[in-house]
Amino acid sequence: MNARRRSGILAPLFSLASTRSWGVGEFLDLPVFAQWLQSANQAFVQILPITEIPEADTSPYSALTAMALDPIYISVPAMEDFHAAGGERRFTADDRAALTRIQATTRVDHRAVRALKSRWLRRAYEHFMANEVPAGTARAHAFVTFMRDEAWWLDDYAVFLSIRARQALRPWWEWPEPLARRHDDAMTQAREQLRGEIYLRKYVQWIAAQQWNDARERSRPLQVFGDVPFMISADSPDVWTRQNEFRFDSTVGVPPDAFSDTGQDWGLPPWRWDVMAQNDFEWMKRRARRTATLFDGFRLDHLVGLYRTYMRPIEKTTPPFFAPDEEWQQQQLGERLIGLYQDTGAEIIAEDLGTVPDFVRASLHRMSVPGFKVMRWEKHWHSYGQPYVDPAEYPETSVATTGTHDTEPMAIWWENLSVDERRQVLQIPSLRRDLDEGLLQQFENSSALDRALNDALLRALLDAQSRLVITPLQDLFGWRDRINTPAQVTDQNWTWRMPWPVDELANNPEATSRADALARWTEKAGRQVGR
């Protein structure tokens, strides 16, 4: 058994709801899912970002902040103050109807979940401030300690959100000038006038931190891998407090690629690398430090953007451009920034997909940072017929996977292949060793992804030389549900929930059967088992 070779499952936390959850997977649902993963001999779970996003958004990559956890994942029924404030006994008819509705839906209704949780987080906070704080209880002291220890990010975050709420959620550049530009007198006045609201935001983060730390501890020995969004919203405490470190004449995006013929414009503010370098990338160091406290390891989203940022000028008279523009500058910048994350001691993996220059992947190899090998995209592009690369040939410093949160599940991918393309897949040596000729011919002529072929593909992936293997949850079961379709804004994106509550997995015949199969394949592949 090679302890470095491990495998895990990709699943968004919002998808992992339990019977007790309020319409969304929550922090305290993670340990229940972890138990099932450990029964499948998995060593880690890869989740999507859990940092806070704006109220109107659903994408976990629409980061409102680089530091705060999203309150949507708090388990309100697990809160002591919720029960002390009356709990569900104090629900109005509207509250009961809202809870019934969000628990019954098959998808995450982000807006409805946030509305219900926000009401009861506020009531829990009011009870805490009225009863625990005046009495000087141990919990009140713990809250004070949390505020002191996390003040380096928590203070600006809480002030920003409180002012933003007072300003009817208008972006900070539309606030009165003294607040927008953080004039000392205006900030002092805001802190006095909004004291209660500021403490509310700090209280919510305290509860989130407690539940997240508890969830991680109860999930061990399973490791939890996070995901670091490449950029953050312009309307964020990070940008508001460091306005000189961001550009406002351009937005960040990507050039044309397989997902979009015109490229993508994410509408996010680019970093001013030259200014950040003057303080030795202090903000990036803080972000790395914060992320490393939350996860055992994490994925760096849009890795190439740390080397060079694709700028789209707001004034369309100037064409898009990369910054920095010289390769030697890009390499120097990327390795400096990745080094900041490596310095935390956390395990780093890099999303290096899409249009990525060769020098970037060479740089990652030198730094021993695993990039991604998505089976459907790995081909010998310069060889006759462009055959698929056998996973057995993937480098050790890599992450092998069947897909990402942005790709269609394997079942749909196979369905859309032509007969010639299916035949090409079936030439992969690892597959041919695992399937007899009769089955190979049968699969070649069928657009339906048979369970036997699905499993053979997963086994070939687990046998890869790659240090890590990540299997999207949908591909383990052969499901067709997408997490996200890039460059589209729909009600289907970022709302998928598992068809069963996570606390019923242990008693679900299909779930236990899949876990048993994955456990056998993982052990046979010589990967570290999670039990």
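Here is what the cut-offs are and how they apply
Residues numbered from 1 in each chain as written. Predicted model: local features only at pLDDT ≥ 70, side-chain atom pairs only at ≥ 80, totals over all residues. Heavy atoms only, no water. Helix = DSSP H or I, 4+ residues; strand = E, 2+ residues; numbered from the N terminus. Rg over C-alpha atoms; globule rule 2.2 N^0.38 Å. Buried < 20%, exposed > 50% of the residue type's maximum accessible area, 1.4 Å probe, protein only. Contact = heavy atoms within 4.5 Å. Areas by Shrake-Rupley, 256 points an atom, 1.4 Å probe, with all protein chains shown as cover. Lys, Arg positive; Asp, Glu negative; His and termini not counted. Charge placed at Lys NZ, Arg CZ, Asp CG, Glu CD. 1 Å grid on protein atoms, 1.4 Å probe; cavity = no way out; pocket = protein on both sides within 12 Å on 5 of 7 lines; lining within 4 Å. Points joined across faces, edges and corners; volume = space filled by probe spheres on them. Nonpolar A, V, L, I, M, F, W, Y, C, P; charged D, E, K, R; others polar. Pairing = 2+ DSSP bridges. Axes fitted to C-alpha atoms, helices over the stretch in contact; angles between N-to-C directions. Arc of directions from axis to C-beta. Polar contact = N/O pair within 3.5 Å; in protein donor to acceptor, adjacent residues only side chain to side chain.

Summing up its helical and strand segments, the protein chain has 21 helices and twelve strands in all. Relative to the 2.2 N^0.38 estimate, which gives 24 Å for 531 residues, the radius of gyration of the protein chain is 24 Å and therefore close to what a compact globule would have. Each principal axis of the C-alpha distribution contributes one length, and for the protein chain these read about 75 × 55 × 40 Å. Buried residues in the protein chain amount to 59% of all 531 residues. The contacts of the protein chain with a sequence gap of at least 6 include a subset with a gap of at least 24, amounting to 75%. Carbon and sulfur atoms form 48% of the exposed surface of the protein chain, whose accessible area is close to 22200 Å². Seen as two clouds, the 62 positive and the 73 negative side-chain charges of the protein chain have centres 3 Å apart.

So, about the layout of surface pockets. The space that makes up the second largest pocket amounts to roughly 660 Å³. When residues of the lining of the second largest pocket are traced back to their parent elements, those giving at least two are helix 4 (110-135), helix 6 (151-166) and helix 9 (195-219). Considering each element in turn, the lining of the second largest pocket owes the most residues, seven residues, to helix 4. Of the residues in the lining of the second largest pocket, the class split is 14 nonpolar, one polar and eight charged.

Another point: the sheet that holds strand 2 (residues 44-46). Spatially, 9-6-3-2-1-12-11-10 is the arrangement adopted by the eight strands of the open sheet, whose pairing is parallel. If you trace the sheet from one side to the other, it starts and ends with strand 9 (347-350) and strand 10 (371-374), each paired once. For this sheet, the mean angle separating the axes of adjacent strands, direction not counted, is 25°. Direction of pairing for strand 10 relative to strand 11 (residues 398-401): parallel, over a ladder of four bridges. Residue pairing across strands places V374 opposite T401, the latter belonging to strand 11. Where helix 13 (residues 327-342) meets the sheet, it contacts strand 3 (223-228), strand 6 (297-300) and strand 9, and its direction lies at approximately 160° from that of strand 6.

What follows deals with helix 18 (residues 437-444). Taken together, the buried positions of helix 18 are occupied by L440, F443 and E444. Buried positions in helix 18, seen along its axis, are confined to an arc of 105° and lie on one side of it. Residue D436 occupies the N-cap position of helix 18, its side-chain oxygen lying 3.1 Å from the main-chain nitrogen of G438.

Our focus in this paragraph is the sheet that holds strand 8 (residues 321-323). Read across the open sheet, the four strands follow the order 5-4-7-8; overall the sheet is antiparallel. In the strand order of this sheet, the two ends are held by strand 5 (264-268) and strand 8, each with one partner. Adjacent strand axes in the sheet meet at a mean angle of 45°, parallel and antiparallel pairs treated alike. Looking at chain direction, strand 4 (residues 250-254) and strand 5 are connected through three bridges and run antiparallel. By the bridge assignment for strand 5, V252 is matched with L268.

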